[in-house]
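# Observations on the model geometry
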Amino acid sequence: MIRSVSVFLFAFLAGAAVALVARTVRHAPHADAPEPPLVLEQAPMVSNALVPPAPTAAAAPQPPETHAHAHAPAASATSATTPVRSETPTVARPVNTICAICGMDVDPSLPTEQYQGHTIGFGCRACPPKFRAEPDKYGPAYVRNELHAP
Ligand SMILES: [Zn+2]
């Protein structure tokens, strides 16, 4: 009886010791893994009811609003300023860059002539009189920005 009890106790203690060792060994890896999830699980459980509704509702609308406000003014300002600045000088700018009669580059400082709604520029002071004398002869070449073929 005594031996069996002692064996039982030994086995029990041994088993308990093994179990303790096993728990401590398993506890180390388990302590790192399960503890963070436990904290995260407990935190959401409490915060899900109070915290998430406010942040999600406030965070969701904010990004679209900031993006919409940031993109809309930037796009409209860029698109509005660019064409206006380019169209304004284009109105008075000649359609041609070369003088169709002499082939010289158009001089912006020289006065322009109108031909069928087109503003025509000249590269020298000798060509405007020739153009005014025969606008239908030189006009198309000026509009096409090509050197007039005599
Ligand atoms: Zn010319």
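Use the structure listed above.
Residues numbered from 1 in each chain as written. Predicted model: local features only at pLDDT ≥ 70, side-chain atom pairs only at ≥ 80, totals over all residues. Heavy atoms only, no water.

### Topic: the nonpolar core
- Core analysis: the biggest nonpolar cluster contains twelve residues, these being Cys 99, Ala 100, Ile 101, Tyr 115, Ile 120, Phe 122, Cys 124, Cys 127, Phe 131, Tyr 138, Ala 141 and Tyr 142.
- Sorting the residues of this core by element identifies α5 (127-133) and α6 (135-144) as the ones contributing at least two each.
- The leading source of residues in this core is α6, at three residues.
- With residues near it in sequence (within four places) discarded, Phe 122 still touches Cys 99, Asp 105, Val 106, Asp 107, Leu 110, Pro 111, Thr 112, Glu 113, Cys 127, Pro 128, Phe 131 and Tyr 142. (Core = buried A, V, L, I, M, F, W, Y, C linked by side-chain atoms within 4.5 Å. Buried < 20%, exposed > 50% of the residue type's maximum accessible area, 1.4 Å probe, protein only. Helix = DSSP H or I, 4+ residues; strand = E, 2+ residues; numbered from the N terminus. Contact = heavy atoms within 4.5 Å.)

### Considerations on the environment of Cys 127
- On the secondary structure map, Cys 127 appears in helix α5.
- Note: C-alpha distance between Cys 127 and Tyr 138 (eleven residues apart in sequence) is 9.9 Å.
- When sequence neighbours within four positions are dropped, the list of residues in contact with Cys 127 reads Cys 99, Ile 101, Cys 102, Phe 122 and Tyr 142.

### Examining the side chain of His 148
- Along the polypeptide, His 148 turns up in the segment after α6.
- A relative accessible area of 17% means that His 148 is categorised as buried.
- Ignoring any residue separated from it by four or fewer positions in sequence, one finds His 148 in contact with Ala 100, Lys 137, Tyr 138 and Ala 141.

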